[in-house]
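Coordinate inspection notes
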Amino acid sequence: MLNSFEDVLNEAVQCKKCRLWESRTNVVFGEGNLNSKIMLIGEAPGLNEDREGRPFVGQAGKMLNETLLKAAGLERKDVYITNVVKCRPPKNREPFEDEIDACFPYLNIQIQFIKPKIIITLGNIATSTLFRKFNLKLAPMNQIHGKVFNVSTLSYGSIKIIPSYHPATALYNPRVLSLMVDDWKQIGEIIKSFA
Ligand code: URA
Ligand code: SF4
């Protein structure tokens with residue numbers, strides 16, 4: 001019987017529920033402010049994350065910390081950050097659906113424990129996963145980024161899901177970067193309304 005967030009973390013760091021355990025160095029469970037109203041969900045750990053056991057510590061993390069969170073008036077310590085799958089897929093391929101499903105119970109517990117009011121899905125994998133779990137109708141990112149999708153369930157309460165592009169996209173696409181900065185400015189405005 002698991003009865004605390006720490007128990008779940010301890011279980012996750014030894015997890016072998018899908019094939020991704022075989023190639024990982026470290027499980028990247030997630031980190032940040034457990035009392036935050038804002039949860040960020042990325043895709044999967046990359047090379048640096050796998051080495052350090054922490055989410056978004058490479059170039060995409062730098063973009064997130066220094067440009068996107070800043071546009072919303074936020075810092076890393078203000079949010080909780082995790083990924084759809086907690087182990088790095090080989091050569092950074094996209095996680096397969098059976099891996100996402102095997103790992104989802106951890107995300108489920110993270111959402112239930114942290115009780116975020118806002119979930120920002122970073123990129124297509126996080127967006128499609130959350131939309132599937134909440135029975136929302138998925139559309140291409142250029143049609144849904146920065147929009148607010150209100151969901152309400154018994155176990156999660158009311159949450160605003162806001163999809164945006166993956167921070168790594170901004171590293172090589174300046175046009176998308178400016179769209180993302182606009183999304184994050186708007187996220188900042190929405191957060192103010194909760195304060
Ligand atoms: N990309 C992700 O989706 N997650 C990370 O933690 C790092 C890069
Ligand atoms: Fe377990 Fe998730 Fe890692 Fe798969 S990706 S081994 S389900 S922690």
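Reference entry: report on the structure contained in this document. Since the model is a prediction, treat every value here as computed from it, not as a measurement.

1. Some thoughts on a nonpolar patch on the surface
A cluster of nonpolar side chains, contributed by Leu-34, Ile-109 and Phe-113, occupies part of the molecular surface with about 230 Å² of accessible area. If you trace the backbone, Ile-109 turns up in helix α4 (residues 97-114). Residue Ile-109 is classed as partly exposed on the basis of its relative accessible area, which comes to 31%.

2. Topic: the packing of aromatic side chains
Inspection of every chain in the model, using the stated rule, returns six aromatic pairs. Plain terms: the ring middles of Phe-5 and Phe-113 are 4.5 Å apart, the flat faces sit at 25° to each other, and that makes the pair stacked. Highlighted residues: Phe-5 in helix α1 (residues 5-12) and Phe-113 in helix α4, separated in sequence by 108 residues. For Phe-5, a relative accessible area of 12% corresponds to the buried category. Classification of Phe-113 by relative accessible area gives partly exposed; the value is 42%.

3. Focus: the site of ligand 2
Taken together, the neighbourhood of ligand 2 is formed by Cys-15, Lys-17, Cys-18, Leu-20, Trp-21, Arg-24, Lys-86, Cys-87, Ala-102, Cys-103 and Tyr-106. With respect to the detected pockets, ligand 2 is housed in the largest cavity. The class makeup of the residues in the shell around ligand 2 is eight nonpolar, no polar and three charged.

4. Looking at helix α3 (residues 59-71)
Residues lying three or four places apart along an α-helix face the same way, a consequence of the helix completing one turn every 3.6 residues. Across its 13 residues, α3 extends 17 Å between first and last C-alpha, which sits within 8% of the 18 Å expected from 1.5 Å per residue. Of all bends in α3, the biggest is about 35°, found at Asn-65. Those residues of α3 lying buried are Ala-60, Gly-61, Met-63, Leu-64, Leu-68 and Leu-69. The elements touched by buried residues of α3 are β2 (38-42), β3 (80-83), α7 (169-172) and α8 (174-192).

5. Overview of the pattern of salt bridges
Under the counting rule described, the total for this entry stands at eleven salt bridges. Its salt-bridge partner being Arg-54, residue Glu-31 comes within 2.8 Å of it at the nearest N-O pair. Note that Glu-31 is positioned in strand β1 (residues 31-32) and Arg-54 in the loop between α2 (47-52) and α3, a separation of 23 residues in sequence. Assessed through its relative accessible area of 22%, Glu-31 is described here as partly exposed. In this structure, Glu-189 engages Lys-192 in a salt bridge whose closest nitrogen and oxygen atoms are separated by 3.1 Å. Pair noted here: Glu-189 and Lys-192 are both in helix α8, with a separation of three residues, about one helical turn. The exposure class of Glu-189 is partly exposed, given its relative accessible area of 49%. A cluster of three or more residues bridged by salt bridges with shared partners is formed by Arg-19, Arg-93, Asp-98 and Glu-99.

Definitions and cut-offs
Residues numbered from 1 in each chain as written. Chains lettered and ligands numbered in written order. Predicted model: local features only at pLDDT ≥ 70, side-chain atom pairs only at ≥ 80, totals over all residues. Heavy atoms only, no water. Patch = residues over 30% accessible without salt bridge, like charges linked within 9 Å, V, L, I, M, F, W, Y side chains within 5 Å. Areas by Shrake-Rupley, 256 points an atom, 1.4 Å probe, with all protein chains shown as cover. Salt bridge = Lys/Arg side-chain N within 4 Å of Asp/Glu carboxyl O. Helix = DSSP H or I, 4+ residues; strand = E, 2+ residues; numbered from the N terminus. Buried < 20%, exposed > 50% of the residue type's maximum accessible area, 1.4 Å probe, protein only. Phe/Tyr/Trp six-rings, centres within 6.5 Å; stacked < 30°, edge-to-face > 60°. Near = heavy atom within 4 Å. 1 Å grid on protein atoms, 1.4 Å probe; cavity = no way out; pocket = protein on both sides within 12 Å on 5 of 7 lines; lining within 4 Å. Sits in = over half its atoms within 2 Å of the grid points. Nonpolar A, V, L, I, M, F, W, Y, C, P; charged D, E, K, R; others polar. Expected span 1.5 Å × (residues − 1). Bend = angle between axes of the 7 residues up to and from the residue. Contact = heavy atoms within 4.5 Å.

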